[in-house]
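An overview of the molecular structure
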Amino acid sequence: SKATVSVLNWGDVLSAMRASPLMAVCAAAAAAAAALPIPAPLLADRYDLAAPAVCNDGSAAAYYWRNCTANWDNGPGSPDYCAKGSPAGVATTDWVIHFAQDDQLSTNGGANPPPRPARPTWCWDDATCAARRADAPWLTSSAPLNGSISPGGLMCAGPEVNPNFYKNIVAVVPYCSSDLWVGTGGTAGRFTFAGQTIALAAIDAMLATKGLGAADNVVFVGGPGVMASLPALAARLPKTVRVRAVCDGCVFLGDDQVEPFAPHGVTAQTAVAAGLAHWGVTSVSTEALVWPGLGKALRAGAVPVAAQHPLFDAAQLALLGAPATPTAAAAKYTAAFADRIAAALTSVPFGYGAACSTPTTAFAAEDPYFNTFVPPAPQRGAGLRGFGFNASLDTLSGVFMRGAAPSWHAVDACRTAGCNPSCPP
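Let us look at the structure shown here. What you see is a predicted model, and the numbers here were worked out from it, not measured in a lab.

All right, on to the overall build of the protein then. Counting its regular elements, the protein contains 12 helices and 12 strands. By residue count, 55% of the 425 residues in the protein fall in the buried class. Long-range contacts, defined as pairs at least 24 residues apart, comprise 72% of the intrachain contacts of the protein with a sequence gap of at least 6. For the protein, the exposed area adds up to about 16,500 Å²; of that, 58% sits on carbon and sulfur atoms.

Another aspect to go through is the state of the cysteines. Under the counting rule described, the total for this entry stands at 6 disulfides. One disulfide bridge connects Cys55 with Cys176, the sulfur atoms lying 2.1 Å from each other. Residues Cys55 and Cys176 share a disulfide whose torsion about the S-S bond is about -75 degrees; that sign makes it left-handed. With Cys55 in the loop between β1 (44-48) and β2 (62-66) and Cys176 in the loop between β5 (169-173) and β6 (186-188), the pair connects residues that are 121 residues apart, well separated along the chain.

Evaluation of the coordinates by the stated rule reveals 13 aromatic pairs. Measuring from ring centre to ring centre gives 5.9 Å for Trp122 and Trp124, while their planes differ by 50 degrees; the resulting arrangement is tilted. Side by side, Trp122 and Trp124 carry an identical accessibility label, which is buried. Among the aromatic side chains, those forming a connected cluster through ring pairs are Phe99, Tyr175, Trp181 and Phe220. The cationic tip of Lys210 hangs over the ring face of Trp65; the distance from NZ or CZ to the ring centre is 4.8 Å. Directly above the ring of Phe400 sits Arg244, whose terminal nitrogen or CZ lies 5.0 Å from the centroid.

In this fold, Ser178 is placed in the loop between β5 and β6. Judged by relative accessible area, Ser178 falls into the buried class, the value being 0%. Spatially, the C-alpha atoms of Ser178 and Arg133 are 9.4 Å apart, while their sequence positions differ by 45 residues. Setting aside residues no more than four positions away along its own chain, Ser178 makes contact with Asn56, Trp122, Cys123, Arg132, Leu139, Thr140 and Trp279. Side chain to side chain, Ser178 and Asn56 meet in a polar contact 2.6 Å long.

Before going further, it helps to spend a moment on the pairing of strand β10 (residues 305-308). Judged by which residues are buried, β10 turns out to be covered on both faces: Val305 and Ala307 on one side and Ala306 and Gln308 on the other are all buried. Here β10 pairs with strand β11 (residues 350-353) via 3 bridges, running parallel. Its bridge partner being in β11, Ala307 is matched across the sheet by Gly351.

As a further point, take the pattern of salt bridges. Taken as a whole and judged by the stated rule, the model has 4 salt bridges. Where Asp204 meets Arg236, a salt bridge forms, and the shortest distance between an N and an O atom there is 2.8 Å. Of this pair, Asp204 sits in helix α4 (residues 195-209) while Arg236 sits in the loop between α6 (230-235) and β9 (242-248), and the two are 32 residues apart along the sequence. Its relative accessible area of 34% is what places Arg236 among the partly exposed residues. Here Arg415 and Asp339 are joined by a salt bridge, their closest N and O atoms 2.6 Å apart. Of the two residues, Arg415 is situated in the segment after β12 (408-411) and Asp339 in helix α10 (residues 328-346); the sequence distance between them amounts to 76 residues. With relative accessibility at 24%, the residue Arg415 sits in the partly exposed group.

For β1 and strand β4 (residues 148-149), the ladder comprises 2 bridges, and the chain directions are antiparallel. Within β4, the residue paired with Ala44 across the bridge is Ile149. Sheet topology note: the β1/β2 ladder contains 4 bridges and is antiparallel. By the bridge assignment, Asp45 is partnered in β2 with Trp65.

Excluding glycine, a negative phi dihedral is what most residues carry, and trans is how most peptide bonds are arranged. Cis rather than trans, the peptide bond between Ala51 and Pro52 has omega equal to 15 degrees. Residue Pro292 follows Trp291 across a cis peptide bond; omega there is 15 degrees. Positionally, Pro292 belongs in the loop between α7 (268-279) and α8 (293-300). For Ser178, which is not a glycine, the phi torsion comes out positive at approximately 60 degrees. The phi dihedral of Leu180 falls on the positive side, at around 60 degrees, and the residue is not glycine.

Pairing within the open sheet is mixed, and its 10 strands lie in the order β4-β1-β2-β5-β3-β8-β9-β10-β11-β12. Across the chains shown, the open sheet's two edge strands, defined by having one partner strand only, are β4 and β12. Pairing of strand β3 (residues 94-99) with β5, which is carried by 5 bridges, proceeds in the parallel orientation. Across the sheet, the residue bridging to Trp95 is Ile169, located in β5.

How each quantity is defined
Residues numbered from 1 in each chain as written. Predicted model: local features only at pLDDT ≥ 70, side-chain atom pairs only at ≥ 80, totals over all residues. Heavy atoms only, no water. Helix = DSSP H or I, 4+ residues; strand = E, 2+ residues; numbered from the N terminus. Buried < 20%, exposed > 50% of the residue type's maximum accessible area, 1.4 Å probe, protein only. Contact = heavy atoms within 4.5 Å. Areas by Shrake-Rupley, 256 points an atom, 1.4 Å probe, with all protein chains shown as cover. Disulfide = S-S within 2.5 Å. Phe/Tyr/Trp six-rings, centres within 6.5 Å; stacked < 30°, edge-to-face > 60°. Lys NZ or Arg CZ within 6 Å of the ring centre and 35° of its normal. Polar contact = N/O pair within 3.5 Å; in protein donor to acceptor, adjacent residues only side chain to side chain. Pairing = 2+ DSSP bridges. Salt bridge = Lys/Arg side-chain N within 4 Å of Asp/Glu carboxyl O.

Dropping the structure here:
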């Protein structure tokens, strides 16, 4: 069913989108996997990698892969909706490879991880790594991972919900290295940090067994560490493949951009620098992972990149020591913080920033990807379906990946946490 909305009313829009049975195609597993099992052809199955591609605890890292799903319910005589070049098929073979960060991976027939408190997506010393293992064991080991997942957001398999990208071939590489995907096998205590090794091994495995080399277009989705590894990732692919990237949860403000709010606060730059030393990484600099250094690299790089970050990033603000319930001084501080995030996002050709606190990464989940809107829409992508009066990550994806415009920005103008009512609850 489709909702018709003639007047911009946030409540009506959100109710229509979130109540739609079509959304259940992607969200059923996350909401009630056991009660609403998703058909097996729509799931991405797990494939383990060989050492030295290992998680923090030494368990084998893994990736999930799903082919084009458009034929899953075909009857006899139905056309091949996934065939390249056929009238009902696809013009190009397109892949999305998502390097997860702290994402809640939707599962089929198994319990999902509990919600996590807002905190950084990496650890940087013995104490923070031990806390991460205790708080979120699925982020330090492959042991808790299910045999299949139902990717959401950009990777949703529902044609009514995700008409622009549901035919994509999809891969998800779970994050179990706690090192922003830049580790090369260094150890500290009982932890191994091999994020970059895992990323490259996953690409090699998909080239060898999943036909990645035959792709026409590949989009890498990941955070700052994945962006730092873009040249190495792209070099693995044949030169015939057109590569793009999405920097999801992209903006770690550097020391020249922000100071801690409280004496116990720590800047992202300080925590990243400590992490690189703890992980034994010397091939990536701190400046390459924080702003403005990362922004300069994205603008100068050979791979086109779109950037997303919430303006009131709760994880980074908590690291800086800003209170969750702001005082007048904290409100002024968070507004200035949001200004700097917005400036970072508008400094690159493609940027999206909703005035939300969570999640930091937004491309793999339904609410932030489909249901968070930044009004008014400053640009619209050609030939894209959906509500025409808003800008969403779905719209950004279409404009960016189809090359519908040389640049595109959607960044909230309001500077009060909670000022955008479409933010995820």
